[in-house]
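Single-letter residue listing:
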Amino acid sequence: MLWHTLALAFRGLSVYRWNNFPRIEQVSATDHIAFSLHISILLTFIIEEEKGIIFDRDYIFRKVLFSSFSTFVHSDISSEVKDQVKKKDPKMYNELENIVYEMFRSWKLPEWMKKDMREIHDFSKQENHFYQKEDDLIAFSKLWASYHEAYFSNEAYLDVYRPAMDTIEQKIQQPKFDLFRSYIDLNPKNQNNIERFLLSMRRLQSSYRWNSMRRRYPVSVMSHLFITSFIAYIIGNIEEKDEQEVTHMMMVALFHDIPEAITGDIVTPTKKAIGGFEELLVTVEKELVDKYLLGYIRKYRFSVEYEKLMLEPWGQTNGKLVKLADNFSALFEAKIEASVDEEFAKVYKDLKKFLHSSPYQSVDHLFKFWIDYFEDNIEDIIRLKKT
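Residues numbered from 1 in each chain as written. Predicted model: local features only at pLDDT ≥ 70, side-chain atom pairs only at ≥ 80, totals over all residues. Heavy atoms only, no water.

A.B. asks: What's the story with the overall build of the protein in this structure? I'm lost.
C.D. replies: Counting its regular elements, the protein contains 20 helices and zero strands. In terms of overall dimensions, the protein is globule-like: its C-alpha atoms have a radius of gyration of 21 Å, near the 21 Å expected for 387 residues. Overall size of the protein, expressed as C-alpha extent along the three principal axes, is 55 × 50 × 40 Å. With 387 residues in all, the protein has 52% of them scored as buried. Taking the intrachain contacts of the protein between residues at least 6 apart in sequence as the baseline, contacts between residues at least 24 apart amount to 74%. As presented, the protein carries roughly 18,300 Å² of accessible surface, and 51% of it is formed by carbon and sulfur atoms. Averaged over its 52 positive side-chain charges, the protein has a centre that lies 2 Å from the centre of its 59 negative ones. (Helix = DSSP H or I, 4+ residues; strand = E, 2+ residues; numbered from the N terminus. Rg over C-alpha atoms; globule rule 2.2 N^0.38 Å. Buried < 20%, exposed > 50% of the residue type's maximum accessible area, 1.4 Å probe, protein only. Contact = heavy atoms within 4.5 Å. Areas by Shrake-Rupley, 256 points an atom, 1.4 Å probe, with all protein chains shown as cover. Lys, Arg positive; Asp, Glu negative; His and termini not counted. Charge placed at Lys NZ, Arg CZ, Asp CG, Glu CD.)

A.B. asks: In this structure, what is going on with the packing of helix α2 (residues 29-51) against helix α10 (residues 193-201)? I would like to understand it.
C.D. replies: For any two helices packed against each other, the geometry comes down to the angle between their axes and how far apart the axes lie. Running from amino to carboxyl end, α2 crosses α10 at an angle of 150°, the nearest separation of the two axes being 11 Å. Judged on the interaxial angle alone, α10 and α2 are roughly antiparallel. Crossing hand, α2 versus α10: right-handed. Packed against α2, whose contacting residues are Phe35, His38, Ile39, Leu42 and Ile46, the element α10 presents Ile194, Phe197, Leu198 and Met201 at the interface. Partitioning the contact of α2 with α10 into residue classes produces eight nonpolar, one polar and no charged. (Axes fitted to C-alpha atoms, helices over the stretch in contact; angles between N-to-C directions. Parallel < 35°, antiparallel > 145°, perpendicular 65-115°, else oblique. Left-handed = near helix turned anticlockwise from the far one by under 90°. Nonpolar A, V, L, I, M, F, W, Y, C, P; charged D, E, K, R; others polar.)

A.B. asks: Could you clarify how one ought to interpret the pattern of salt bridges in this entry?
C.D. replies: Side-chain pairing between opposite charges can occur once the charged atoms of the two side chains come close. This structure, assessed with the given rule, holds 18 salt bridges. With a closest N to O distance of 2.6 Å, glutamate 25 and arginine 202 form a salt bridge. Highlighted residues: glutamate 25 in the loop between α1 (2-11) and α2 and arginine 202 in the loop between α10 and α11 (221-238), separated in sequence by 177 residues. Like arginine 202, glutamate 25 is buried. The residue aspartate 290 makes a salt bridge to arginine 298 at a minimum N-O spacing of 2.6 Å. (Salt bridge = Lys/Arg side-chain N within 4 Å of Asp/Glu carboxyl O.)

A.B. asks: Which parts of the structure should I look at to understand the nonpolar core?
C.D. replies: Residues Tyr306 and Phe328 are the most contacted members of the largest nonpolar core, which totals 118 residues. Setting aside residues no more than four positions away along its own chain, phenylalanine 328 makes contact with Ile231, Ile235, Leu355, Val363, Leu366 and Phe367. (Core = buried A, V, L, I, M, F, W, Y, C linked by side-chain atoms within 4.5 Å.)

A.B. asks: Which parts of the structure should I look at to understand the environment of glycine 295?
C.D. replies: Within the secondary structure layout, glycine 295 lies in the loop between α15 (277-292) and α16 (303-311). The class for glycine 295 is partly exposed, based on a relative accessible area of 36%. In sequence terms glycine 295 and phenylalanine 197 are 98 residues apart; their C-alpha atoms lie 8.5 Å from each other. Leave out the neighbours within four places in its chain, and glycine 295 touches Val289 and Asp290.

A.B. asks: Got a minute to help me understand the packing of aromatic side chains in this structure?
C.D. replies: The geometry of an aromatic ring pair comes down to the distance between the two centres and the angle between the two planes. The tally for this structure, following the rule as stated, stands at 29 aromatic pairs. Both rings, one in phenylalanine 69 and one in phenylalanine 104, keep their centres 5.2 Å apart while their planes meet at 80°; by these two values the pair is edge-to-face. With phenylalanine 69 in helix α3 (residues 57-74) and phenylalanine 104 in helix α5 (residues 90-106), this pair connects stretches of sequence that are 35 residues apart. Take phenylalanine 69 and phenylalanine 104: they sit in the same class, and that class is buried. One aromatic cluster in this structure is built from Phe66, Phe69, Phe72, Phe104, Trp107, Trp112, Phe226, Phe230 and Tyr233. Positioned over the ring face of phenylalanine 45 is arginine 57, at 4.0 Å from the centre of the ring. Lying over the aromatic face of phenylalanine 55, lysine 133 brings its terminal NZ or CZ to 5.5 Å of the ring centre. (Phe/Tyr/Trp six-rings, centres within 6.5 Å; stacked < 30°, edge-to-face > 60°. Lys NZ or Arg CZ within 6 Å of the ring centre and 35° of its normal.)

A.B. asks: Would you mind going over a nonpolar patch on the surface with me for this structure?
C.D. replies: Where nonpolar side chains cluster on the molecular surface, the patch consists of Ile24, Tyr157 and Val160 and spans about 240 Å² of accessible area. Structurally, valine 160 can be placed in the loop between α7 (132-156) and α8 (162-172). (Patch = residues over 30% accessible without salt bridge, like charges linked within 9 Å, V, L, I, M, F, W, Y side chains within 5 Å.)

Any functional reading would require information that these geometric values do not contain.
Now the structure itself:
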């Protein structure tokens, strides 16, 4: 049932955050996860370069990936409700968290995925385990992302979000977050360059794919980065890449559309409308990305790696496999819309033909198992496993 994990990931597109609050932006669960992951990865690079403290990015990617499925299954339970449940009945809270893991254990998943899930689950149950600093970093990043979701809506709905923001401020003052807080704080009106970089990237939550076509289920570019990262994880493992290679593929997937935070999603027909225009756009994109994104982190050596991930993703090691993941993400997005829209039906048909010509074993696997099962009612599958 590997194919059902993808259906669950897509389910996160329609799970919206702060859904019992008035709000000025629709932030999906997948938006939040992708942005939190970007915060975590950026801080690992900065702290490693400045402090020499090494973080395990393999663990961070897998922990964020697998922990996200709890949200996709249970919907987005507010942090205050979680805190109260955990305080009043810790055993029940753990049982709730364990439902998703046990559901996955009952599915016929490949051994490599079961191994990754089992390791993440087992480590998460330990106190002060080997990956404690990575878990603390992930928790901090989610709090930072949550605060800014609340902050911007609170500007329109004055003080509606203030209690939630106060709670986040209290949580983030914990000593275990001191190191991370020394680089980014919670005041959007007093930004340093790292915060400017992150908040510029955050614009991808408001940038939507297929922007020249009407959609029933809009997908932000930020969410697309998460979906593509997950598919890259699947493809990398099917192609028998090692752990470091798979993690790098997920990194490339997470960064490949970042320039669109600045340039917007310029559709292919426009790029090819005039001879030489596409080449000119490449030059303009590089200049704007340097000015409004990379310029904020140029003092760091790792900015060179970030530049390559953003501007030359398909030239990276296994970049062609990540492009394959990108195309499959587009295929599934088109499939969701194709049943009621002839334009998307044509896109789906053309993409399917194109992908069939790809020379990778993972393509046959995805077409054999994923395409048809993607239409299964995931709600019924979850309900069956919960009972």
